[in-house]
Amino acid sequence: MLLDVYRVLDLTQERGVLCGQVLADLGADVIQIEPPGGASGRRLRPFLNDTPDLENSLFWQGYSRGKRSVVLDLNTQRAEFLELVRRADVLIESEAVGAMAALDLSYADLATVNPALVYASITPYGLDGPKAHWQASDVTLLANSGPMAMTGDEDRPPVRVSVPQAWHHAAAEAFTGILVALHERAASGLGQHVVVSAQQALTLATQGNILSSAVGESTVQRISGGILTEGIRIQLTYPASDGYVSITHIFGATVGPATRRLMEYVYDEGFCDAATRDKDWIEYGLLLATGAEPIEEFERVKACVAACTASKTKAELLDAAMQRKLLMAPMTNVADVVGSEQFKARDFFCAGQHKLKFPGPFARFSATPLQLSTRVPALGADTEAVLGEMNTTPPISLPQGEKQSQPLAGVKVLDFMWALAGPGATRILADFGATVVRVESSQVLDVCRTIRPFIKGDQLPENSAVFHSTNAGKKMINLDLAKPESQAIIHDLVRWADVVTESFSPKVMKNLGLDYASLKKIKPDLIMLSTCLMGQTGPQAQFAGYGNLAAAIAGFYDITGWPDRPPAGPFGAYTDYIAPRFNASAILAALDYRRRTGVGQHIDLAQAEAAMHFLTPAILDYSANGHIQSRLGNRDLNYVPHGVYPVAGEDNYIAIACETDQQWRQLVSVVPELDRELFATPELRRANEDQLDASLAQWSASQAGAELEAELQAQGVPCALVLNSPQLVEDPQLQHLGHFMRIPHHEMGHTVIDSGRMHLSRAEAMVDTSAPTFARDMMHVLTDILHYDDEKIGELLVAGIFE
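**Student:** Residues and numbers for the overall build of the protein chain, please.
**Tutor:** Of the regular secondary structure elements, the protein chain holds 33 helices and 27 strands. The C-alpha atoms of the protein chain give a radius of gyration of 26 Å, which matches the 28 Å a tight globule of 803 residues would have. For the protein chain, the spread of C-alpha atoms along the principal axes amounts to about 75 × 65 × 50 Å. A total of 803 residues make up the protein chain; the buried ones form 62% of that total. Taking as baseline every contact in the protein chain between residues at least 6 positions apart, the subset at least 24 positions apart corresponds to 75%. Of the roughly 27,400 Å² of accessible surface on the protein chain, 51% is carried by carbon and sulfur atoms. For the protein chain, the distance from the average position of its 65 positive side-chain charges to the average position of its 95 negative side-chain charges is 4 Å.

Printed below as a string of structure tokens:
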């Protein structure tokens, strides 16, 4: 197993539990430390057979499988806990941040006990700063980080995904940070503190639109099934005869050809004329922006597309997408996902007890296939065994070497990836010191160069802030891979590299002679990551596109929006915001294994499969109970009240949630209008949720948002205003964390990018270069990395391969 040399103490109870589960899937021995009476996650719905019990929570079963359960009262068994710490490589805390403080134990204290300990804290907002002590929940974090402002119907409050997501994004950031810290520990012998802010982690799910105000671009607004930008309504959700499909119906040099193919399909099916089919889909966005094409005409075009898709089933539309290479995918529900022929062909789901089907390996490793355990430990089942091991397991003792301010210094990556999910992963590696050489071509633009926000709205390929942020810190070289002279350069770069990454659809690299089997002959211990929507095998392996399509196929759209309306999100290319951390972690785990064994390998990572781990409770609820979760608006299976309510002003909202009786009592102290008898108990609040939401909305609508937020937080009630780019750029907590980084740009003066989203106590993420641009680093790569002489470089320039 990849990480079977590591022992992890997991103190999470419900927030961030995915972190330990992924480490367990990678082979680590993960010990779940629970308080007497069990972790709070054991009390979360859904339940097996709808029967509440500490052993029946499907949420808990989904994220505790493969771990060992130890019950410890940290107040009375402090010595036992510290002995476990002495023998652990990693400790993860979330709710336990408070528990550690109650024990008067800090990271420094535990580092004294075990200097090699990697200590990860998953927090709402970070450990310090103006919001560090705010109460938070899934819905309030989504409100306060940007994604929610862009998701939902414009005539209703913005919405979240109905299966909670916020803590999973934070957990994914944490397990990536842990692997970065373990890599550095191999050189220094020392652990360090990894701190994750869930708010900051979630900003990735804005698809760069958090940067809009910082670079002088307009702010994206939500509309049903799409977004509103500069008066243009981009529709991404279209009807089918038996549901809905997601279509990447946008324009430009990269996506325009796919839109052309879509309109050819609409024409062939009889739903538009030739003139509509033959519009300039490359420049269509510019035509709309300048008024050369009336907005009303675009609305007519969308109506043609909708009429076509409404006449077909989702299966028929998927067949058309596969045959014609359309950027279109069915919006599935959880039953469709579990029954998918693609996932069956890849043997993705893992069978457990009680008919449970767990999401399977998040990646396929050729040398070390993940052996996922479906064992769900009963409360305290492993206490005696684990405590007994302290007599035979020595404390961690590592020789101390040179501390590395850049944990991944010396790691060399040859990067063929494009769009978001792949380059987002190599940005993480570059942040922490890896040398990443990115190969691209100006002849086939990376889609990120064509999407907003642009510096001052100028839509030139060099001006996309999304591209700058996703590729900051990398070296870049432009190559025409079709020319034989380019192949020689690539082969030399493979010899130089530790890792090769690519995110094309399957067969592209093989057709170029750059598949793993070919490159392994050049570099036997090479690690290669291939990541795409559906994976390298299966009947839908050739289905290509972006994260909105993988999100549709994986079931995210069917659970986002209002129960009485069509799906309304999630915003943008959603799985592109999940996959980067899984991609980076797969690479780091493979590097760790190679360091110890000398063995490289190929990694096949399907975005849809990795993202499905964010939906585990809903998948288990269907496989065990037959329940198909759908859209809940902002309501929650476990907590009432739980919603987004209007405050004074136009389109202003606040998210409020009560997860405990104490929080409810504090809310009532602020909102005297609430009927205390009608809503006296959790059961009554659930039974009268419509009236409760209506009462809260009526009261909040007249309240000033900032003052209400401050008052509720002062009372310990989880709440947060819904923020979009203008407010996020000024957000005091994000500013405290240094989230927005201003870097030089060769034409526009400067641009603004996101900082790294994890914080290591001895190794902050670093970006020390200007915005990545075409050919900026060509001579550096050729001379400093490949050591070509002037004569050879001249020959290559004459060959015209640098395009």
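**Student:** Which residues make up the pattern of salt bridges, and what values go with them?
**Tutor:** Taken as a whole, this structure holds 57 salt bridges when the rule is applied. In this structure, Lys 474 engages Asp 415 in a salt bridge whose closest nitrogen and oxygen atoms are separated by 3.6 Å. A residue pair is termed long-range when its members are at least 10 positions apart, and Lys 474 in the loop between helix 18 (465–471) and strand 18 (475–478) and Asp 415 in strand 16 (residues 412–415) qualify at 59 residues. Across this residue pair, the class does not change: Lys 474 and Asp 415 are buried.

**Student:** Which residues make up helix 1 (residues 17–25), and what values do they have?
**Tutor:** Taking burial as the measure, the nine residues of helix 1 include nine buried ones, the bulk of the element. When we look at burial in helix 1, the residues that qualify are Val 17, Leu 18, Cys 19, Gly 20, Gln 21, Val 22, Leu 23, Ala 24 and Asp 25. Remark: Gly 27 follows helix 1 within two positions and exhibits a positive phi of approximately 110 degrees.

**Student:** Residues and numbers for the sheet that holds strand 22 (residues 642–646), please.
**Tutor:** Taken in spatial order, the three strands of this open sheet run 22-23-24, and their pairing is antiparallel. At either margin of the open sheet sits one strand with a lone partner, and together these are strand 22 and strand 24 (719–721). Shown here is a sheet whose adjacent strand axes are inclined to one another by a mean of 20 degrees, direction ignored. Taken together, the five bridges between strand 22 and strand 23 (residues 653–657) define a ladder with antiparallel strand orientation.

**Student:** Report on the packing of helix 9 (residues 256–268) against helix 13 (residues 314–324), specifying residues and quantitative values.
**Tutor:** In contact at an axis separation of 11 Å, helix 9 and helix 13 are set at 125 degrees when each is read in the N-to-C sense. For the element pair helix 9 / helix 13, the angle class is oblique. Of the two possible hands of crossing, helix 9 and helix 13 adopt the one that is right-handed. Residue-level contacts link Arg 261, Glu 264, Tyr 265 and Asp 268 of helix 9 to Leu 317, Ala 320 and Arg 324 of helix 13. Along the lines of polarity and charge, the residues of the contact of helix 9 with helix 13 split into three nonpolar, no polar and four charged.

**Student:** I'd like to hear about the environment of Tyr 593, residue by residue, with values.
**Tutor:** Examined against the element boundaries, Tyr 593 turns out to sit in helix 23 (residues 575–597). Note on Tyr 593: relative accessible area 17%, which makes it buried. Once the C-alpha coordinates of Tyr 593 and Asp 4 are considered, the two residues, 589 residues apart in sequence, prove to be 9.5 Å apart. Contacts of Tyr 593, omitting those with residues within four sequence positions, involve Met 1, Leu 2, Thr 368, Gly 598, Val 599 and Gln 601.

**Student:** So what's going on with a negative patch on the surface? Which residues, and what values?
**Tutor:** A surface patch of like charges, here negative, comprises Asp 789, Asp 790, Glu 791 and Glu 795. As for its position among the elements, Asp 790 is in helix 33 (residues 790–799).

**Student:** Explain the sheet that holds strand 3 (residues 68–71) to me, and be specific about the residues and the numbers.
**Tutor:** Taken together, the seven strands give an open sheet; going across it, the order is 3-2-1-4-5-6-27, and neighbouring strands pair in mixed fashion. Two strands bound the open sheet, and with one partner strand each, they are strand 3 and strand 27 (758–760). Strand after strand, the sheet turns through a mean of 20 degrees between neighbouring axes, direction not considered. Alignment of strand 1 (residues 7–10) against strand 4 (residues 90–93), held across three bridges, turns out to be parallel. The partner of Val 8 across the bridge, within strand 4, is Val 90.

**Student:** Residue-level account of unusual backbone geometry, with values.
**Tutor:** For the bond running from Gly 569 to Pro 570, omega is 5 degrees, close enough to zero to count as cis. Residue position: Pro 570 is located in the loop between helix 22 (547–554) and helix 23. Backbone torsion omega between Val 640 and Pro 641 reads -5 degrees, so that peptide bond is classified as cis. On the secondary structure map, Pro 641 appears in the loop between helix 25 (616–625) and strand 22. Of note in this structure, Lys 325 is not a glycine but carries a positive phi near 60 degrees. Examined against the element boundaries, Lys 325 turns out to sit in the loop between helix 13 and strand 12 (328–330).

**Student:** Outline the nonpolar core, listing residues and values.
**Tutor:** Leu 26, Phe 362 and Phe 556 are the most contacted members of the largest nonpolar core, which has 174 residues in total. Ranked by the residues each element gives to this core, the list is headed by helix 7 (residues 166–188), at 12 residues. Ignoring sequence-local partners within four residues, the contact set of Phe 556 consists of Val 161, Gln 165, Ala 551, Gly 569, Pro 570, Tyr 574, Thr 575, Ile 578, Ala 611, Phe 614 and Leu 615. One finds Ile 489, Met 509, Leu 514 and Met 528 within the second-largest nonpolar core, a separate group that totals 30 residues.

**Student:** Mind laying out the packing of aromatic side chains, listing which residues take part and the relevant values?
**Tutor:** Aromatic ring pairs are defined here through the distance separating the ring centres and the angle between the ring planes. Across all of its chains, the model carries 18 aromatic pairs by this definition. With a centroid separation of 4.7 Å and an interplanar angle of 45 degrees, the aromatic rings of Trp 281 and Tyr 284 are classed as tilted. For Trp 281, a relative accessible area of 2% translates into the label buried. Owing to a relative accessible area of 1%, Tyr 284 belongs among the buried residues under this scheme. Ring-pair connections join several aromatic residues into one group, and the members of that group are Phe 175, Phe 362, Phe 365, Phe 582 and Phe 614. Above the ring of Phe 774, the side-chain terminus of Arg 449 is found at 3.7 Å from the ring centroid.

Analysis parameters
Residues numbered from 1 in each chain as written. Predicted model: local features only at pLDDT ≥ 70, side-chain atom pairs only at ≥ 80, totals over all residues. Heavy atoms only, no water. Helix = DSSP H or I, 4+ residues; strand = E, 2+ residues; numbered from the N terminus. Rg over C-alpha atoms; globule rule 2.2 N^0.38 Å. Buried < 20%, exposed > 50% of the residue type's maximum accessible area, 1.4 Å probe, protein only. Contact = heavy atoms within 4.5 Å. Areas by Shrake-Rupley, 256 points an atom, 1.4 Å probe, with all protein chains shown as cover. Lys, Arg positive; Asp, Glu negative; His and termini not counted. Charge placed at Lys NZ, Arg CZ, Asp CG, Glu CD. Salt bridge = Lys/Arg side-chain N within 4 Å of Asp/Glu carboxyl O. Pairing = 2+ DSSP bridges. Axes fitted to C-alpha atoms, helices over the stretch in contact; angles between N-to-C directions. Parallel < 35°, antiparallel > 145°, perpendicular 65-115°, else oblique. Left-handed = near helix turned anticlockwise from the far one by under 90°. Nonpolar A, V, L, I, M, F, W, Y, C, P; charged D, E, K, R; others polar. Patch = residues over 30% accessible without salt bridge, like charges linked within 9 Å, V, L, I, M, F, W, Y side chains within 5 Å. Core = buried A, V, L, I, M, F, W, Y, C linked by side-chain atoms within 4.5 Å. Phe/Tyr/Trp six-rings, centres within 6.5 Å; stacked < 30°, edge-to-face > 60°. Lys NZ or Arg CZ within 6 Å of the ring centre and 35° of its normal.

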